[in-house]
Amino acid sequence: MLLPPSETKREGGDDTRPFDLGALSFPELTSERVAVIAAARSVSSDDESARYALRLGPRSVGERLRNLSLEGAPTLPAVERYTGVLYDPLDASSAPPAVREWWQRHVIVQSAMFGPIAAGDPIPAYRLSHDARLGNLRLGSVWPGSTARALGSRGVDGVVLDLRSEGYRALGPVSGSVRLRVVSEGTDGRRRALNHWNKTAKGRLVSALGRAQIEPGSMSDLADWARTVGIGLDRTSDGWDLVAETLEPATV
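I will try to describe carefully the structure that is included in this document.

As a rule of thumb, nonpolar side chains are buried together in soluble globular proteins. Residues Trp103, Leu128, Leu134, Leu139 and Leu180 are the most contacted members of the largest nonpolar core, which totals 73 residues. Once residues within four sequence positions are removed from consideration, Leu180 is found in contact with Leu161, Asp162, Leu163, Leu205, Met219, Leu233, Trp240 and Leu242.

Burial of the side chains of strand 3 (residues 108-111) extends over both faces: Ile108 and Gln110 are buried on one face and Val109 and Ser111 on the other. Relative to strand 4 (residues 115-118), strand 3 is paired through four bridges, and the arrangement is antiparallel. Across the sheet, Ser111 pairs through a bridge with Gly115, a residue of strand 4. Hairpin connection between strand 3 and strand 4: a loop of three residues separates the two successive antiparallel strands.

Within the secondary structure, Val206 is located in helix 7 (residues 198-212). C-alpha of Val206 to C-alpha of Pro89: the two residues are 117 residues apart in sequence and 8.6 Å apart in space.

What follows concerns the environment of Glu71. By the element assignment, Glu71 lies in the loop between helix 2 (47-54) and strand 2 (76-77). With 34 residues separating them in the primary sequence, Glu71 and Ile37 have C-alpha atoms 9.8 Å apart. Setting aside chain neighbours within four positions, we find Glu71 in contact with Ile37 and Arg41. One polar contact links Glu71 to Arg41, side chain to side chain, over a distance of 2.4 Å.

To continue, consider unusual backbone geometry. The phi torsion of most residues other than glycine is negative, and most of the peptide bonds are trans. Residue Arg55 is not a glycine yet carries a positive backbone phi of 55°. By the element assignment, Arg55 lies in the loop between helix 2 and strand 2. Positive phi values are uncommon outside glycine, yet Asp91 reaches one of about 50°. Residue placement: Asp91 occurs in the loop between helix 3 (78-81) and helix 4 (97-106).

Compared with an ideal rise of 1.5 Å per residue, which puts 14 residues at 20 Å, helix 1 (residues 30-43) spans 20 Å between its outermost C-alpha atoms and is within 8% of the ideal. Here helix 1 has its buried residues at Glu32, Arg33, Val36, Ile37, Ala39, Ala40 and Val43. Here the buried residues of helix 1 occupy an arc of 165° about the axis, which is enough to place them on one side. Set apart from the buried face of helix 1 by more than 90 degrees, the exposed residues are Ser31 and Ser42. On the buried face of helix 1, the contacting elements are helix 2, strand 4 and helix 5 (139-153).

Parameters at a glance
Residues numbered from 1 in each chain as written. Predicted model: local features only at pLDDT ≥ 70, side-chain atom pairs only at ≥ 80, totals over all residues. Heavy atoms only, no water. Core = buried A, V, L, I, M, F, W, Y, C linked by side-chain atoms within 4.5 Å. Buried < 20%, exposed > 50% of the residue type's maximum accessible area, 1.4 Å probe, protein only. Contact = heavy atoms within 4.5 Å. Helix = DSSP H or I, 4+ residues; strand = E, 2+ residues; numbered from the N terminus. Pairing = 2+ DSSP bridges. Polar contact = N/O pair within 3.5 Å; in protein donor to acceptor, adjacent residues only side chain to side chain. Expected span 1.5 Å × (residues − 1). Arc of directions from axis to C-beta.

In structure tokens, the structure reads:
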């Protein structure tokens, strides 16, 4: 499963495990990571440049300081660092070890700062979005090709669910992946695409899969399993729908 990161991040972390690029998955991306971190640090040097480059408002401009002290900063697993409507349903900090291990093997987050990382990779708090302006360095030039090569080298078998937003999907296009359209179904039977709340539905799906520990070989297998736990996952003429209203908290 390919996930986007979150703009909101939990502060602090484990001081005994300071940030180390060598601890991240896909070590072949180290040179790209070093370049992006350096560019992010440069534009974060003062409030004025950070507001423009990182698209920060008056209340969030202080987050630029995160980018100035990444080296040696305390870390948290990625699924704990990110917060918000997609990640909160995972309740990662209290998830059993087996679930966290499953996420580490099966969930990849497309970070603007670090490129693709595994769910359990230890990362610091930072501030960088897919649309950041980093001077002469363009994230759209750095990440797509290198991400495709890195993910291709992993040799993924079975289903690849792409749950990323359009901006982060552009940073790492993956051929053959399956995109889910998150919809709600009205009393008239018509389905309508969701916007903000589609992230909650995706988070609940990731949570349910991790806790079930399943490894479907096809989308049909995944849909069959989903039906048994009350998750609506339906084939359409042009893809797959995830029906948000059938994702009850008790199933995850």
